[in-house]
Amino acid sequence: MTATIASRFEPVVGDANVRTEPSLRSEFGVDEVVPAVVARPENAEQAAEIVKIALEEKLAVIPCGVRTSIGMGMPPSRYDVALDMTRVRGIEHYDPGDLTISVNAGTPLKELATILAEKNQFLPLAVPFFENATVGGTIASGLDSPLRHFYGTARDFVLGAEFVDGTGALAKSGGRVVKNVTGYDFHKLLNGTLGSLAVITRINFRTFPLHPVRRGFLASFADETGAVAFVKELSATPLTPALVEVLSPEFSRLFLAEKSPVASLRLGLQAWTVCVGFEGSSEVCERYGRDLSRLARSTRTQDAITVLDARFLSLLEILREAPALMSGAAAQSVVFRFATLPARLPDLLRALRSFAVSSWTPSAALIRSGSIVYLALLPREVDESTLKQIAYFWKSAGSLRAQFEFSASILFCPTKWKSELDVWAHVSGSMDLQRRVKKAFDPSGIFAPGRFVGGS
Amino acid sequence: MNTAIISELQSLLGPRNVLHRAEDLALYEYDGSVDRARPELVVFPSTTSEVSRIVKLAVKHDIPIVGRGAGTGLSGGALARGGGIMIAFGRMNRILELDLENRRAVVQPGVVNFDLTRAVEHAGLYFAPDPSSQKSCTIGGNVSENSGGPHTLAYGVTTNHVTGLELVLPDGEVTRIGGKLSDALGYDLCGLLVGSEGTLSLVTEITAKLSKKSEAVRTLLAIFETVDDATETVTDITARAITPAACEMLDGWTLCAIEDYVHAGFPRDCGAVLLIEIEGLREAVANQAIGIEEVCKAHQAREVRTAQDDNERELLWKGRKTAFGALGRLAPSNYVLDAVIPRSKLPQALRRVLEIEKECGLKIGNIFHAGDGNLHPLVLFDPRDRAQFEKAVQASADIVRYCVEIGGALTGEHGVGMEKSELMTLMFSEADFALMRRVHQQFNPTGLLNPGKVFPIGKGCGETRIRTGSTHNPVMA
């Protein structure tokens, strides 16, 4: 089959860009399902041609960037063609005066950040795998950023997109301007869909000014209750920080060095640490420092400091990479993500920690923006009971849905465990409308079958 | 309309809640746009289940349906282009839940935008989207059109403030998407449905985000001798990465009309003003005010005034928000345009608008959201004079075409509706329409829901159900 498929793609992208070597194909494997062919288009039109051929030949396609998050979702039920989008790269249009940029999907995030920084601008996509990830892969994975606390998620600053739909047509939605209600907002649908709706070829973003001063404030607490209460108090003040994260002591011990500013606080790496990031003019940052210190004194804070410049930026990198670090922290780690309402966070956190303890598996947690819990189960050694314990945790977590509203998914998990751990087990809401969207975008079901919610 | 259907609806909703006489229906053939189309029936449901039953009845009899909030829309989105039944949401106007701790409100679609803010302002919260019509427009209408307003420059449009919806699908089924959480898993259906202009579903309940009021606010009025100086200032403010909460431009001619109407304290002898609002921490507001004054002075501002108190501030905003009403006194009719351009091209776009004004010989006023490049040229004309009407339409189309040519978009906040459906081809290709049609087909397969909107006639769906020759189609028949 491999040779037949390859011969169809070669006229489109050239022989050198249709790869069939077994070792390379296995690198493009998704949850151990290996494609027959890797095709590397150099532009959106070639990507569309590949999809058209795949449609004729009834081949399943998974678009990808550098595959840093390719393990997310369920294993594909079929997978014939890896559509490697890394050659479809570069800035299509940048209007710094309008704070808008249009970028091809295969462009590395880091390259984009460098170009923006030259004009004192940035994109608030401080996401895991930042050093390598592509723009298209980042949107398709939907991984979030600590900066969502102030800037929102990609949904809030993606202005438009171009993509290949499941009929092989090159389509678009939105535009390049910051305000636009022309036509259906398909670009919002592409976030976090793991390539199951379309092949993203270009994204238009709104960019943001880089602030002259960026600082962090760290406060340590003896327990999670104190830390979470501080976050709640903070949300009632007029302050609008860029990020608010809470680190569990296990998280700090695993990922922060003894020389990290967190370690210098009283209780150090044994504490629950709140990290508040803020930015603005020096007057604004001084105000943050004053108000946060006052807040720390009036709560059960053990100790607090302000962190400047490089020390803050290196801490920000840890927060940015947190889900990826958690995933790499044990040979067989499982990273869960829970989102709830701020008022329910204390209950959710308490319950999850108690389930983690009952599962006899070490864990680490990071709380983002007062409402999202990243929790990793990190088994020290794996035996026949490990999977049972993790499955117990996942099932118990799901049972909380009877009590309050939250959403939960498994971000990263060893492939072999996915037969027992459905990463989408606790998704609520009607699947019917989801299927209608899938059917409209991908009528023949050729994109990433089986990976996304509801098997689409 | 078949009398059996009328009596069935009367027994479902009560006779008071079904309008069918021509004189009653005439009120509902308008919205804020220049188009008109008369429904055959207007119904006022009070519950989601009533909406569902009305839809099922309509489907059974193959009758088009259109939802309507307050009818303040400016693109004909709430007009019954296909005739049929208009579902007016005025009676579904209850705020169902205020969850202040989690900053969420659950409301029925007929709740007036500003009423939600009034209900939560005691807790220091507000609903951020603020269309000029916010004291009359409904949140259901805002959701359909993805409405904006002056302060969306900093805080985003309706879609950025909606997390959940209850829907009645075009077959009468009731379903929910999203909830109070910001990120529901699965496809972002709220993202798709907000702004779908009532063509995919009817919205019967909305879960909205509430925002925290800023600690400090300062309103500046920068006065310029020329439109060029004002637009150059906006481009420079954007380029210097200052983000005001709002940045509105009003030209000199418009200011005189407003002064005659509301006496807001605008100058009568200038080329243009910028009404700029800055919000945030006291320190941030102070810094930004200095930055903005510097930019204004660099572009020959005659004066930069700061509103001294809440009264003065409210008066300036009243002037801005009643501008269209003020201009309404100067000509029998006007045509408010809505198009967007990259902010870096604001000066050249305004120059082109002035050229078009000269070419067409009609007065064009300019009052718009300069900070996000959202133009609202307003063409004054007399609709009784056919030649004037045609010139007004032509001038408007020329402006919109130019905006798209320089990298802009057809509509920034009013929606496509029936006003701009034929212009959609300026921005979208056959392939784009094919995908839009497939999505439309999946949600609204009979095409009975809000026919004749968004899609150009001839590129629509099944065929957007503008059934020429149909007995119940007063518009197109």
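Residues numbered from 1 in each chain as written. Chains lettered and ligands numbered in written order. Predicted model: local features only at pLDDT ≥ 70, side-chain atom pairs only at ≥ 80, totals over all residues.

Chemist: What is the right way to read the overall build of chain A from this model?
Modeler: Along chain A, the regular secondary structure elements total 15 helices and 19 strands. The globule rule puts the C-alpha radius of gyration for 456 residues at 23 Å, and the 23 Å found for chain A is close to it. Each of the three principal axes of chain A carries a C-alpha extent, and together these read 70 × 60 × 40 Å. Expressed as a percentage of its 456 residues, the buried residues of chain A come to 57%. Contacts in chain A between residues far apart in sequence, at least 24 positions, make up 72% of those at least 6 positions apart. (Helix = DSSP H or I, 4+ residues; strand = E, 2+ residues; numbered from the N terminus. Rg over C-alpha atoms; globule rule 2.2 N^0.38 Å. Buried ≥ 20, exposed ≤ 12 C-beta atoms within 10 Å, placed from the backbone. Contact = placed C-beta atoms within 7 Å.)

Chemist: When you look at the overall build of chain B in this model, what are you seeing that I'm missing?
Modeler: Looking only at helices and strands, one finds 15 helices and 20 strands in chain B. The globule rule puts the C-alpha radius of gyration for 477 residues at 23 Å, and the 22 Å found for chain B is close to it. Taking the principal axes of the C-alpha coordinates as reference, chain B spans close to 70 × 55 × 45 Å. Counting over 477 residues, chain B shows a buried share of 59%. Sequence separation of 24 or more characterises 71% of the internal contacts of chain B that already satisfy a separation of 6 or more.

Chemist: Help me understand the packing of helix H8 (residues 227-239) of chain B against helix H13 (residues 346-360) of chain B, please; the structure alone is not making it clear to me.
Modeler: Residue and element names in this part refer to chain B. In contact at an axis separation of 8 Å, H8 and H13 are set at 150° when each is read in the N-to-C sense. Judged on the interaxial angle alone, H13 and H8 are roughly antiparallel. H8 and H13 meet at a crossing whose hand is right-handed. Taken together, the residues of H13 that come into contact with H8 (itself represented by Val 227, Asp 228, Thr 231, Glu 232, Val 234 and Thr 235) are Leu 346, Pro 347 and Leu 350. For the contact of H8 with H13, the class distribution of residues is 5 nonpolar, 2 polar and 2 charged. (Axes fitted to C-alpha atoms, helices over the stretch in contact; angles between N-to-C directions. Parallel < 35°, antiparallel > 145°, perpendicular 65-115°, else oblique. Left-handed = near helix turned anticlockwise from the far one by under 90°. Nonpolar A, V, L, I, M, F, W, Y, C, P; charged D, E, K, R; others polar.)

Chemist: I would appreciate a short explanation of the interface of chain B and chain A in the present structure.
Modeler: How big an interface is tends to be reported as the loss of accessible area on association of its parts. Each partner contributes to the interface: chain B provides 65 residues, whereas chain A provides 55 residues. Elements represented by at least two residues in the side of chain B that touches chain A include exactly strand S9 (174-178), helix H7 (189-193), H8, helix H10 (282-298) and helix H15 (430-443) of chain B. Ranked by the residues each element gives to the side of chain B that touches chain A, the list is headed by H15 of chain B, at 9 residues. Class assignment of the residues belonging to the side of chain B that touches chain A gives a composition of 27 nonpolar, 25 polar and 13 charged.

Chemist: Where do I start with the sheet that holds strand S18 (residues 364-368) of chain B in this structure?
Modeler: Adjacent strands of a sheet form backbone hydrogen bonds with each other and so pair up, either parallel or antiparallel. Residue and element names in this part refer to chain B. In spatial order, the strands read S15-S12-S14-S13-S18-S20-S16; together these 7 strands make up an open sheet with antiparallel pairing. A single partner strand is all that each edge strand has here, and the edge strands are strand S15 (303-306) and strand S16 (333-336). Averaged over all adjacent pairs, the angle separating strand axes in this sheet is 20°, with direction ignored. As defined by bridge partners, strand S13 (residues 246-251) adjoins S18 across 2 bridges and the pair is classed as antiparallel. Bridge pairing in S18 links Leu 250 to Ile 367. (Pairing = 2+ DSSP bridges.)

Chemist: Just checking my understanding: could you explain the domain arrangement of chain B for this structure?
Modeler: All names here are of chain B. Segmentation of chain B into domains returns domain 1 (3-90), domain 2 (93-212), domain 3 (214-320) and domain 4 (331-417). Here domain 3 and domain 4 have C-alpha centroids that lie 22 Å from each other. Taken residue by residue, the interface counts 17 residues in domain 3 and 12 residues in domain 4. Looking at the side of domain 3 that touches domain 4, the elements with two or more residues in it are H8, S13 and helix H9 (252-262). For the side of domain 3 that touches domain 4, the leading source of residues is H8, giving 7 residues. In terms of residue class, the side of domain 3 that touches domain 4 is built from 9 nonpolar, 4 polar and 4 charged. (Domains from an automatic or database assignment.)

Chemist: Explanation requested: helix H4 (residues 109-118) of chain A in the structure shown.
Modeler: In an α-helix, one turn spans 3.6 residues, which is why side chains three or four residues apart end up on the same side. All names here are of chain A. Among the residues of H4, those classed as buried are Leu 109, Leu 112 and Leu 116. Viewed end-on, H4 has its buried residues packed into an arc of 60°, placing them on one side of the element. Counted as exposed and oriented over 90 degrees from the buried face of H4: Thr 114, Ala 117 and Glu 118. One or two steps after H4, the chain reaches Asn 120, where phi turns positive at roughly 60°. (Arc of directions from axis to C-beta.)

Chemist: Help me understand the pairing of strand S6 (residues 104-107) of chain B in this model?
Modeler: Consecutive side chains of a regular strand alternate in pointing toward one face of the sheet and then the other. Residue and element names in this part refer to chain B. With 4 bridges joining them, strand S5 (residues 95-99) and S6 adopt antiparallel strand pairing. Residue Asp 99 lies in a different strand from S6, and its bridge partner there is Arg 104. Examined bridge by bridge, S6 and strand S10 (residues 202-209) share 4 bridges and lie antiparallel to one another. By the bridge assignment for S10, Val 106 is matched with Thr 207.

Chemist: Just to check I follow, could you spell out the sheet that holds strand S18 (residues 372-377) of chain A for this structure?
Modeler: All names here are of chain A. The 8 strands are arranged S15-S12-S14-S13-S17-S18-S16-S19 in an open sheet whose pairing can be described as antiparallel. The sheet is open, and its two borders are formed by strand S15 (303-307) and strand S19 (406-412), each paired with just one other strand. Between one strand and the next, the sheet's axes are offset by a mean angle of 15°, whatever the strand orientation. Taken together, the 6 bridges between strand S16 (residues 334-340) and S19 define a ladder with antiparallel strand orientation. Within the sheet, the bridge partner assigned to Ala 339 lies in S19 and is Ser 407. Across the sheet, helix H9 (residues 224-235) touches strand S12 (213-221), strand S13 (243-247) and strand S14 (272-280), and the angle it forms with S14 is around 25°.

Chemist: Would you take a moment to explain the pairing of S13 of chain A for this structure?
Modeler: Residues and elements named next belong to chain A. Taken across its 5 residues, S13 has 5 buried, putting it largely inside the fold. Alternating residues of S13 divide into Leu 243, Glu 245 and Leu 247 and Val 244 and Val 246, and every residue in both groups is buried. As judged from the 5 bridges shared by S13 and S14, these two strands associate in the antiparallel manner. When the bridges of S14 are listed, Val 246 appears paired with Val 274. Direction of pairing for S13 relative to strand S17 (residues 363-368): antiparallel, over a ladder of 3 bridges. The partner of Leu 247 across the bridge, within S17, is Leu 366.

Chemist: Just checking my understanding: could you explain the domain arrangement of chain A for this structure?
Modeler: All names here are of chain A. Examined at the domain level, chain A breaks down into domain 1 (1-210 + 426-456), domain 2 (213-316) and domain 3 (329-417). Just the C-alpha atoms count here: the centres of domain 1 and domain 2 sit 35 Å apart. At the interface, 5 residues of domain 1 touch 7 residues of domain 2. Residues of the side of domain 1 that touches domain 2, tallied by class, amount to 4 nonpolar, 1 polar and no charged.

Chemist: How should I be thinking about the nonpolar core in this particular structure?
Modeler: For soluble globular proteins, nonpolar side chains are generally found buried alongside one another. One finds Leu 83 of chain A together with Val 273 of chain B to be the most contacted residues of the largest nonpolar core, which totals 297 residues. The biggest single contributor to this core is helix H12 (residues 309-328) of chain A, with 9 residues. Apart from the residues lying within four places of it in its own chain, the contact partners of Leu 83 of chain A are Ala 39, Ala 47, Ile 50, Val 61, Ile 62, Pro 63, Cys 64 and Val 199 of chain A. (Core = buried A, V, L, I, M, F, W, Y, C linked by C-beta atoms within 7 Å.)

Chemist: Can you help me understand H9 of chain B in this one?
Modeler: Residue and element names in this part refer to chain B. Of all the residues in H9, the buried ones are Gly 252, Thr 254, Leu 255, Ala 257 and Ile 258. Each element contacted by the buried residues of H9 is listed here: S13, strand S14 (272-280), helix H11 (310-321), helix H12 (323-328) and S18. Phi turns positive one or two residues past the end of H9, at His 263, with a value near 50°.

Chemist: Honestly, unusual backbone geometry in this entry has me stumped. Any pointers?
Modeler: Negative phi values dominate among residues other than glycine, just as trans dominates among peptide bonds. Residues other than glycine seldom take positive phi values, yet Leu 194 of chain A does so here, at roughly 55°. Although it is not a glycine, Gln 300 of chain B sits at a positive phi angle of roughly 60°. Its location among the elements puts Gln 300 of chain B in the loop between H10 and S15. On the neighbour-count criterion, Gln 300 of chain B (14 C-beta atoms within 10 Å) is partly exposed.

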